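Now for the letters of each chain:
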Amino acid sequence: MMPAGSLLDTHLTNLAAALVSYRRCESQLARWGADLAHRLAGGGRLLVAGNGGSAAEAQHLTAELVGKLHHDRQPLSAIALHAETSALTAIANDYGYTDVYARQVRAHGRPGDVLLLLSTSGSSANLITAALAAREVGLTSWALTGATPNPLADACDEVLAVASPDTQVVQELHLVTSHLLCEYLEQELPAALAAVADPAAVHHDPTEPAPPARSVRTGVEVVLDGGTGQQVDA
């Protein structure tokens, strides 16, 4: 039995306390996952950003989507904006660190895409600026933060806030959120792909908003594969 007041006991106590309110996020997680499934199946893209540990969690999420969580499926378009280090450092050098994500949102985002921003404090200037850029470009913006109110939550369309003062607990539940988003997405994906294949066969509830129209992506993406520098038409 662990001693009361130990580091482990304190950490688990804080985590358990946060789980009480986190359980109420189920309907939001399911809705986000289903929404994301339809957007990505229809050719949309998820952009994700964070700083420090939140950047690592952003990259974890995109790895699950481009790869897979449980079962084999088609890859889905998701980009962790901090991972393009040359672009990140060039933007920081030329425009300042506040714009490192906003400029990439303007470059990669298309109307109907989703921008997901992770911040334990909800006060990171570069994430708030990215949320404002998303609004300009026509992206839907979601935030994963610590307790609200906070500026990032105010700048985004929706927020899932972890009600804990403990940064580590907030990050841990953000990771749980990433996994659950992928699970709900993969659960909905067959229906989303069927809707893309035969839109007329899918019943649409007239009380619900129609899915966003998808823009056609054009251009060339350079994929570095073993140093070959092969070019692939996008």
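Everything discussed here concerns the structure shown above.
Residues numbered from 1 in each chain as written. Predicted model: local features only at pLDDT ≥ 70, side-chain atom pairs only at ≥ 80, totals over all residues. Heavy atoms only, no water.

Novice: How would you summarise the overall build of the chain if you had to cite specific residues and measurements?
Specialist: Tallying secondary structure elements over the chain gives eight helices and seven strands in all. Burial analysis of the chain (234 residues in total) assigns 40% to the buried set. Sequence separation of 24 or more characterises 68% of the internal contacts of the chain that already satisfy a separation of 6 or more. Counting only carbon and sulfur atoms, one obtains 57% of the accessible surface of the chain, whose full area is about 12,300 Å². (Helix = DSSP H or I, 4+ residues; strand = E, 2+ residues; numbered from the N terminus. Buried < 20%, exposed > 50% of the residue type's maximum accessible area, 1.4 Å probe, protein only. Contact = heavy atoms within 4.5 Å. Areas by Shrake-Rupley, 256 points an atom, 1.4 Å probe, with all protein chains shown as cover.)

Novice: Describe in detail the sheet that holds strand S2 (residues 78-80), supporting the description with residues and values.
Specialist: Across the sheet, five strands lie side by side as S2-S1-S3-S4-S5; this open sheet has parallel pairing. The open sheet is flanked by S2 and strand S5 (158-161), the only strands paired with a single partner. If you compare each strand with its neighbour and ignore which way they point, the axes differ by 15 degrees on average. When strand S1 (residues 46-50) meets S2, the two strands line up parallel, connected through three bridges. Considered in S2, the bridge of valine 48 is made with alanine 80. In the packing of helix H3 (residues 53-66) onto the sheet, contacts are made with S1, S2 and strand S3 (114-119), and the angle to S1 comes to roughly 160 degrees. (Pairing = 2+ DSSP bridges. Axes fitted to C-alpha atoms, helices over the stretch in contact; angles between N-to-C directions.)

Novice: Can you tell me about the packing of helix H2 (residues 26-41) against helix H8 (residues 167-197), naming the residues and giving the values?
Specialist: Put simply, H2 and H8 touch, their axes get as near as 6 Å, and they point 45 degrees apart. For the element pair H2 / H8, the angle class is oblique. Crossing handedness for the pair H2 and H8: right-handed. Taking contact as the criterion, the partners of Glu26, Leu29, Ala30, Trp32, Gly33, Ala34, Leu36, Ala37, His38, Leu40 and Ala41 in H2 are, on H8, Thr177, Leu180, Leu181, Tyr184, Leu185, Glu188, Leu189, Ala191, Ala192, Leu193 and Val196. Tallied by class, residues from the contact of H2 with H8 come to 17 nonpolar, three polar and two charged. (Parallel < 35°, antiparallel > 145°, perpendicular 65-115°, else oblique. Left-handed = near helix turned anticlockwise from the far one by under 90°. Nonpolar A, V, L, I, M, F, W, Y, C, P; charged D, E, K, R; others polar.)

Novice: Residue-level account of the pattern of salt bridges, with values.
Specialist: A side chain with one charge can pair with a side chain of the opposite charge if their charged atoms come near. All chains considered together, the criterion is met by four salt bridges. Aspartate 35 is the partner of arginine 39 in a salt bridge, and the nearest nitrogen-oxygen pair spans 2.8 Å. Of this pair, arginine 39 and aspartate 35 both sit in helix H2, four residues apart, which is roughly one turn of the helix. Judged by its relative accessible area of 12%, arginine 39 falls in the buried class. (Salt bridge = Lys/Arg side-chain N within 4 Å of Asp/Glu carboxyl O.)

Novice: How would you summarise the packing of aromatic side chains if you had to cite specific residues and measurements?
Specialist: Taken as a whole and assessed by the stated rule, the structure comprises one aromatic pair. Between tryptophan 32 and tryptophan 142 the ring centres are 4.4 Å apart and the planes differ by 5 degrees, which places this aromatic pair in the stacked class. A residue pair is termed long-range when its members are at least 10 positions apart, and tryptophan 32 in helix H2 and tryptophan 142 in strand S4 (residues 140-145) qualify at 110 residues. Looking at tryptophan 32, the relative accessible area reads 0%, which means it is buried. (Phe/Tyr/Trp six-rings, centres within 6.5 Å; stacked < 30°, edge-to-face > 60°.)

Novice: Which residues make up helix H6 (residues 125-137), and what are the values?
Specialist: Between its first and last C-alpha, H6 extends 18 Å over 13 residues, near the 18 Å set by a 1.5 Å rise per residue. Considered for burial, the residues of H6 that qualify are Asn126, Leu127, Ile128, Ala130, Ala131, Ala133 and Ala134. Here the buried face of H6 lies against S1, helix H5 (102-108), S3, S4 and helix H7 (151-155). Downstream of H6 by a residue or two, glycine 138 has a phi angle that is positive, lying close to 105 degrees. (Expected span 1.5 Å × (residues − 1).)

Novice: Explain unusual backbone geometry to me, using residue names and the numbers behind them.
Specialist: Going from threonine 148 to proline 149, the amide bond is cis rather than trans, its omega being 5 degrees. In this fold, proline 149 is placed in the loop between S4 and H7.

Novice: Can you tell me about H3, naming the residues and giving the values?
Specialist: Here H3 contains 14 residues, and its C-alpha end-to-end distance of 20 Å stays within 8% of the 20 Å for a straight helix at 1.5 Å per residue. Taken together, the buried positions of H3 are Ser54, Ala55, Glu57, Ala58, Leu61, Thr62, Glu64 and Leu65. Turning to H3, the residues buried within the fold contact S1, S2, S3 and H8.

Novice: So what's going on with the packing of H3 against H8? Which residues, and what values?
Specialist: Helix-helix packing: each pair is described by the crossing angle between the helix axes and the interaxial distance. Viewed as axis vectors pointing N to C, H3 and H8 meet at an angle of 15 degrees, and their least axial separation amounts to 10 Å. Classified by the angle between their axes, H3 and H8 sit roughly parallel to one another. In the crossing of H3 with H8, the sense of the turn from one axis to the other is right-handed. Across from Gly53, Ser54, Glu57, His60, Leu61, Glu64 and Leu65 in H3, the residues of H8 making contact are Gln171, Glu172, His174, Leu175, Ser178, His179, Cys182 and Leu185. Taken together, the residues of the contact of H3 with H8 sort by class into five nonpolar, seven polar and three charged.

In short, the description is geometric, and any link to function would need to be established separately.
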